[in-house]
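Reading the structure
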Amino acid sequence: MPPLRIAIAGALGRMGRQMVEAIEADPRLALAARFHRPGVTGEGLVSRDDALAAVDVVIDFTTPAASAELAEACAARGGPALVIGSTGFNDGELAAIAAAAKTIAIVRSGSYSLGLNLLVGLVEQAASALGPEDWDVEIFEAHHRSKVDAPSGTALMLGEAASRGRGIELDVVARRVRDGIIGPRPQGEIGFAVVRGGSIVGEHSVSFCTEGEVVTLSHSVGDRIMFARGAIAAALWVAGRPPGEYDMRDVLGFNAS
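Residues numbered from 1 in each chain as written. Predicted model: local features only at pLDDT ≥ 70, side-chain atom pairs only at ≥ 80, totals over all residues. Heavy atoms only, no water.

Topic: the overall build of the protein chain
Note the threshold: Secondary structure elements are taken from DSSP: a helix is a run of H or I of four residues or more, a strand is a run of E of two residues or more, and numbering for both begins at the N terminus. A radius of gyration in this sense is built from C-alpha atoms; the matching globule rule multiplies 2.2 Å by the number of residues raised to 0.38. Buried means the residue's accessible area, taken with a 1.4 Å probe over protein chains only, is under 20% of the maximum for its type, while exposed means over 50%, and partly exposed covers the values in between. Between two residues, a contact is recorded if the distance between any of their heavy atoms is within 4.5 Å. For accessible areas, the Shrake-Rupley method is used with a probe of radius 1.4 Å. Any residue's cover is judged against the shown protein chains and nothing else. Positive charges come from Lys and Arg alone, negative charges from Asp and Glu alone, with His and the N- and C-terminal ends not counted. Positions of charges follow a simple convention, taking NZ of Lys, CZ of Arg, CG of Asp or CD of Glu.
When helices and strands are tallied, the protein chain shows 9 helices and 11 strands. The C-alpha radius of gyration of the protein chain comes to 19 Å, within 12% of the 18 Å expected for a compact globule of 257 residues. For the protein chain, buried positions account for 47% of its 257 residues. Pairs at least 24 apart in sequence give 70% of the contacts found in the protein chain among residues at least 6 apart. In the form shown here, the protein chain has an accessible surface area of approximately 12,400 Å², with 51% of it arising from carbon and sulfur atoms. Here the protein chain contributes 23 positive and 31 negative side-chain charges, whose respective centroids are spaced 5 Å apart.

Focus: the pairing of strand β6 (residues 136–143)
The line we're drawing: Two strands qualify as a pair provided that DSSP identifies no fewer than 2 bridges between them.
Counting buried residues in β6 gives 6 out of 8 residues, a clear majority hidden from the surface. Judged from the 7 bridges that link them, β6 and strand β9 (residues 202–210) form a sheet pairing that is antiparallel. Opposite Glu-138, over in β9, you have Ser-207 as the bridge partner. The pairing of β6 with strand β8 (residues 190–196) spans 7 bridges and is parallel. Within β8, the residue paired with Phe-140 across the bridge is Ala-193.

What to know about the sheet that holds β6
The condition is simple: Every axis corresponds to a line fitted to the C-alpha atoms, with the helix fit spanning only the stretch in contact, and the corresponding angles, defined between N-to-C directions, vary from 0 to 180 degrees.
As summarised here, the arrangement of the 5 strands in space is β7-β8-β6-β9-β10, forming an open sheet in which the pairing is mixed. Two strands bound the open sheet, and with one partner strand each, they are β7 (174–175) and β10 (213–221). On the sheet, helix α5 (residues 114–129) packs against β9 and β10 and is oriented at approximately 165° with respect to β10. Helix α6 (residues 153–165) rests against β6, β8 and β9 of the sheet, and its axis sits at about 165° to β8.

Things to note about the pattern of salt bridges
Note the following rule: We count a salt bridge whenever a side-chain nitrogen from Lys or Arg sits within 4 Å of a carboxyl oxygen from Asp or Glu.
One pass over the structure, following the stated rule, counts 13 salt bridges. The partner of Arg-196 in a salt bridge is Glu-141, and the shortest N-O contact between them spans 2.7 Å. Pair noted here: Arg-196 is in strand β8 and Glu-141 is in strand β6, with a separation of 55 residues, a long-range link. Overall, the relative accessible area of 26% leaves Arg-196 in the partly exposed class. Judged by its relative accessible area of 0%, Glu-141 is buried. When salt bridges that share partners are traced, they join Asp-136, Glu-138, Arg-175, Arg-178, Arg-185 and Glu-189 into one network.

What to know about the sheet that holds strand β11 (residues 244–246)
Across the sheet, which stays open at both edges, the 6 strands sit in the order β2-β1-β3-β4-β5-β11 with parallel pairing between neighbours. With one partner strand each, in any of the chains shown, β2 (29–35) and β11 form the two edges of the open sheet. Neighbour-to-neighbour, the strand axes of the sheet open up by a mean angle of 20°, direction not taken into account. Pairing geometry for strand β1 (residues 4–9) and strand β3 (residues 57–60), over 4 bridges, is parallel. The residue of β3 that forms the bridge with Ala-7 is Val-58. Running at roughly 145° to strand β5 (residues 105–108), helix α4 (residues 91–100) makes contact with β4 (81–84), β5 and β11 of the sheet.

As for α5
This is how the line gets drawn: For a helix, the expected span equals 1.5 Å multiplied by the residue count minus one. Think of a polar contact as two N or O atoms within 3.5 Å of one another; within protein, one of them needs to be a possible hydrogen donor and the other a possible acceptor, and neighboring residues in sequence only count if both atoms come from side chains.
Taking 1.5 Å of rise per residue, the 16 residues of α5 would be expected to cover 22 Å, and the 23 Å separating its terminal C-alpha atoms lies within 8% of that figure. The set of residues buried in α5 consists of Leu-116, Asn-117, Leu-119, Val-120, Val-123, Ala-126 and Ala-127. Elements that come into contact with the buried residues of α5 comprise α6, β9, β10 and α9 (248–251). Its side-chain oxygen placed 3.3 Å from the backbone nitrogen of Gly-115, Ser-113 serves as the N-cap of α5.

In structure tokens, the structure reads:
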């Protein structure tokens, strides 16, 4: 089989550079194009349109607005497939990606870590077993000072897993901010705590708290290479798939019937 042709969006960004290194080291892949923001040239960059015409899959760790626009551009030409690692989307951006996924295959995930996606499954199981009548749920996350969205996409994935385990929508029970005199904690609330500082790559934990005991499930990232490996696995999986919006649980086979 010939190598899978990959383009990197946001190629000059932190994750873009990490993806370039990982792809160049993988014989299953060919780095066919790199592009950044419109108007940014040099360092072997090409235009977005030239990149989309030359590849099988685009890997995108940019911004929500740029990712949504890229999904629309890929869909308008009938491909390539797309792997999205951006987080912090608003409803309009999510709707644009969902519309594009009617034409092309898209993998979108708040985290491309295998370990983190295993944690998501454990959190859902724990939330199902430890009911809201007795057990409070708190989600903690910490990232570097340059991260612009909060809570992180991964923290929201964990919140969705906990609420899914309890059969309720996250928006109904989420408490993203606590400040001032807030009163007693409501039953069933899922709380979020956020830290931003230094060069922290990523730390997440979910605590289930009741009278007399606490159960904590956690995951820490020491190197961004594991996100790159997960994105590569997603790219290899999504190439040639039918249109649809997928996530890492699909890539890892967790959603198989």
